[in-house]
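# Remarks on the overall topology
Single-letter residue listing:
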Amino acid sequence: MAAQETSQSATFRHAFGNVLSFAVLLLIGVMAFSIRLFSVIKYESVIHEFDPYFNYRVTQFLTKSGVYDFWNWFDDRTWYPLGRVIGGTVYPGLTLTAGTLWWILNSINIPLSVETVCVFTAPVFSAFASWATYLLTKEIKGAGAGLTAAALLAMVPSYISRSVAGSYDNEAVAIFALIFTFYLYIKTLNTGSLFYATLNAIAYFYMVCSWGGYTFIINLIPMHVLLCIVTGRYSPRLYIAYAPLVVLGTLLAALVPVVGFNAVMTSEHFASFLVFIIIHVVALVYYIKGILTPQMFKVAVTLVVSVGMVLCVAVLAVLIALVASSPTKGWSGRSLSLLDPTYASKYIPIIASVSEHQPPTWPSYFMDINVLAFLVPAGIIACFLPLSDASSFAVLYIVTSVYFSGVMVRLMLVLAPAACIMSGIALSEAFDVFTRSIKFHLVGTTQNPQDNAGDATKVTQNDVKSEKSEDTVKERSSRKSKKDKENIEKPSLVSRVEKRLLVLPLETSVMAVFLLVLLGAFYVVHCVWAAAEAYSAPSIVLTSRSHDGLHVFDDFREAYAWLSHNTEVDDKVASWWDYGYQTTAMANRTVIVDNNTWNNTHIATVGTAMSSPEKAAWDIFNSLDVKYVLVVFGGLVGYPSDDINKFLWMVRIGGGVFPHIKEPDYLRDGQYRIDSQATPTMLNSLMYKLSYFRFVETDGRGYDRVRNTEIGKKHFKLTHFEEVFTTHHWMVRIYKLKSPRNRIRGKTKRSKSSLQKSGTSPSSKRSTRKRNPWQ
Amino acid sequence: MGRSATTKDAHALFHSLRSAYAATPNNLKIIDLYILFAVATAVIQVAYMAIVGSFPFNSFLSGVLSCVGTAVLAVSLRIQVNKDNKEFKDLPPERAFADFVLCNLVLHLVIINFLG
């Protein structure tokens, strides 16, 4: 009778717990979506930043022309005159996902525009990502930890920064793919089912399609397999989880045009092949150990070790020779800069110049993962009690992601899910202990061991045993509020058999629960503030508040609209590579260099042109068929990310390829100045002239609000360029190249006179002519 | 002395291996034969590539990886079907075979696509 009642109450509890978790997950998804909508509310539904504009343009092309044309697209509107093979150089996952979403919605007669779908792709996928985090953490520790981790991930500022509504970039879907792939890997590891292994490979394929960060997965999983083997945790499930993934995964990765044969030829994948070989060797050893008697096995070991060692050394020597023969040891530049952080600044200035590739500062850790920074160490300890395959994976994940986030700010994003998982585990374990203590003190005994299949706690000190079944039913109904933290204890792999009761005094537990809830409240407040104030700026529209209200700076779109209305379709526009994507997407004009930065020499050419005097710059731009030059200038309004501030990078990159540009020429005593103490090379450079042309007319003294000085050369004329447009706040300035004059005054008279005088060859005539033909 | 001891040990080892392997059930032996066949095909393909050259590389890659892939999947099937494995005693062999077939389907779909 009692057993039937308890089993009925157990199923009721399980059912109630399931419904509650489902409801909580739904709310977490809604929260993840809504917290990313601040920019849509504060500004408008617009695509942000630079890279998303390229993705938006590609998605437009996909929806207009279909998949086959997209796959074979050669883009001639960028990198003039080289063009760019879009099909082979873009990670198609994001555009295909958004394109599919748009197509599905349109086919069921919900006519959303492509722009709307693109803007809202990231929030939708962040809801999916938090559900994937729930699934992953459930596999590691249990459902309670899963719900906490999902709630933390939905709000973590580091992830919000790259997935707000409007941030239509690869990471928007890639983080979901990453977490989902890890979930399927752990699920395969826990269950040993080949079905999940297949799903794992397909999820890995989606990740390869979406982001270059897939190399993290294909290196972390082999590392984990190696760790399991080395710590003696080899099992057939490990083989099933890893070996099919390597084969299928390599094939699927080779299918994506961007990766292609790199999947088998670059060093980033060699770790997976090495561990593939190792796991086969280990599997064979275990198999032989299983079918032989122990003495025979010892004999076999001694025999094989001596022979095998020689073979291994030989193979290794060949491998090392192969890898060492390539100059970068087979690694690509970006991956190498992860392993050796100083590599990029020494050899590839373009990678070093991107602000996202700088190491993060300590405060940025607190800004981006906030309270989780304290909870992660507690989570790591909780993973060791007890250690399972899944929890060792979680520890490895957090350790590697902390290292990589320390190298590049952009990789804080990979740290965020790991930190959320660890903190979810820590918080869930803490709540477990405290609520169990509270229950213990209030009820007078521990829970009925029959009711809690998960943890078998034995009472050693308590004699008072009341009627267990009625009490447990009563306390269930009165402790509903605590249940969402101490959830259904499914018979997870974590079977805690505690010989001694871990119980704290009642007041401590209540205080501790209250403090933990307060900690969570601080986290929520910080996340909402970060989402609203710090990470919701579309950076194409700027606002500022002053005593006379809100000012909106919409200069970028103003400039691009002017370009698209007032120039010919085939005109080429030259600017620094930051603005390439936006120019092709919004102004629909051909650009010389854009944010893809795949051709360093081309960028160096533009950089050299910007650093040279007017005539030399005109020559360079004319050779590239450029008609218009665009510069961004923030001196009038105090916009700090303008081209003058980026100018030294132009000099460095240009000087890396063309040695006549030397950085010290532009610095006075090692300092970069644009005032009266600036060097003549600086004052004559095209960038200076195009930025400050007629600037003195604004306030009479030419005071630059970003550099906080008056400019050096105030009154000058442009000889080879003419100004065609300056936006309202002088933030974007567009210049046209002057065409060369048809007739050069005085040439015929001079040549006749010199012929009569000496009859010299034409070359000396040219050398005697000193008049500027462009004036 | 040492030499003869090692050769004696080697003989003894070889015999015990043979006798232990003879005791495995027939269905596992069939799977082992299939694995051997797949690996042999892969070796033949690599030898052919060494003679003829690796163009087109995608065909070579998909051919070799399909052999390696079927071998790996067959090993996984053997692990799951083997009655000595206590971890998989709840798994019906029909389910294991169905998973094997599904994974092979996906593998060969990718292979055909990549074969060019």
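Residues numbered from 1 in each chain as written. Chains lettered and ligands numbered in written order. Predicted model: local features only at pLDDT ≥ 70, side-chain atom pairs only at ≥ 80, totals over all residues. Heavy atoms only, no water.

The name given to chain B in an unreviewed UniProt entry is Dolichyl-diphosphooligosaccharide--protein glycosyltransferase subunit DAD1, with the source organism recorded as Salvia splendens.

### Details of the environment of A:Gly656
Positionally, A:Gly656 belongs in helix 31 (residues 643-657). Distance in space between the C-alpha atoms of A:Gly656 and A:Thr608 is 9.8 Å, their sequence separation being 48 residues. (Helix = DSSP H or I, 4+ residues; strand = E, 2+ residues; numbered from the N terminus.)

### Quick word on the side chain of A:Lys141
All names here are of chain A. As for its placement among the helices and strands, Lys-141 is situated in the loop between helix 7 (114-140) and helix 8 (143-155). At 4.5 Å, Glu-429 is the nearest oppositely charged side chain to Lys-141, a buried residue that forms no salt bridge. Among the polar contacts listed, one links the side chain of Lys-141 to the backbone oxygen of Ala-382, at a separation of 3.0 Å. (Buried < 20%, exposed > 50% of the residue type's maximum accessible area, 1.4 Å probe, protein only. Lys, Arg positive; Asp, Glu negative; His and termini not counted. Salt bridge = Lys/Arg side-chain N within 4 Å of Asp/Glu carboxyl O. Polar contact = N/O pair within 3.5 Å; in protein donor to acceptor, adjacent residues only side chain to side chain.)

### Re the packing of helix 10 (residues 171-191) of chain A against helix 11 (residues 194-210) of chain A
Residue and element names in this part refer to chain A. Closest axis-to-axis distance for the helix 10/helix 11 pair is 8 Å, and the angle between their directions is 160 degrees. With respect to helix 11, the axis of helix 10 lies roughly antiparallel. Helix 10 and helix 11 meet at a crossing whose hand is left-handed. Residue-level contacts link Val-173, Ala-174, Phe-176, Ala-177, Leu-178, Phe-180, Thr-181, Leu-184, Tyr-185, Lys-187, Thr-188 and Thr-191 of helix 10 to Tyr-196, Ala-197, Leu-199, Asn-200, Ala-203, Tyr-204, Tyr-206, Met-207 and Ser-210 of helix 11. Grouping the constituent residues of the contact of helix 10 with helix 11 by class yields 15 nonpolar, five polar and one charged. (Axes fitted to C-alpha atoms, helices over the stretch in contact; angles between N-to-C directions. Parallel < 35°, antiparallel > 145°, perpendicular 65-115°, else oblique. Left-handed = near helix turned anticlockwise from the far one by under 90°. Contact = heavy atoms within 4.5 Å. Nonpolar A, V, L, I, M, F, W, Y, C, P; charged D, E, K, R; others polar.)

### As for the sheet that holds strand 9 (residues 626-632) of chain A
Pairing between sheet strands relies on hydrogen bonds along the backbone, with the strands arranged either parallel or antiparallel. All names here are of chain A. Pairing within the open sheet is mixed, and its five strands lie in the order 8-7-9-15-14. What marks the edges here is a single partner per strand, and that holds for strand 8 (590-591) and strand 14 (721-726). Where strand 14 lies against strand 15 (residues 732-737), five bridges are found, and the strand directions are antiparallel. What sits directly across from Glu-723, in strand 15, is Tyr-735. (Pairing = 2+ DSSP bridges.)

### Things to note about the UniProt feature "transmembrane region" (unreviewed entry) in chain B
Those residues carrying the UniProt feature "transmembrane region" (unreviewed entry) are residues 33-51, 57-75 and 96-115 of chain B in this numbering. Span residues 57-75 of chain B is 100% helix and 0% strand, its end C-alpha atoms 27 Å apart. (UniProt positions renumbered as here; feature names shortened; annotations may be inferred.)

### Observations concerning the pattern of salt bridges
All names here are of chain A. Scanning all chains against the criterion turns up 26 salt bridges over all chains. For the salt bridge of Lys-42 with Glu-533, the shortest nitrogen-to-oxygen distance reads 4.0 Å. Here Lys-42, found in helix 2 (residues 38-42), pairs with Glu-533, found in helix 26 (residues 506-534); they are 491 residues apart in sequence, far enough to count as distant. Among the residues examined, Lys-42 registers a relative accessible area of 41% and is labelled partly exposed. Residues participating in the shared-partner salt-bridge network are Arg-162, Asp-169, Glu-171 and Arg-410.

### Here's the deal with the interface of chain B and chain A
Between chain B and chain A, the residue contacts involve 37 residues of the former and 33 residues of the latter. There are one salt bridge connecting chain B and chain A. Here B:Glu87 ties to A:Arg237 by a salt bridge, and the two come within 3.2 Å at their closest N and O atoms. Our count for the contact surface shared by chain B and chain A stands at three residue pairs in polar contact (both at pLDDT 80 or more). Looking at the side of chain B that touches chain A, the elements with two or more residues in it are helix 1 (2-22), helix 3 (57-81) and helix 4 (93-115) of chain B. Among the elements that line the side of chain B that touches chain A, the one with the most residues is helix 3 of chain B, at 14 residues. Within the side of chain B that touches chain A, the residues separate by chemical class into 23 nonpolar, nine polar and five charged.

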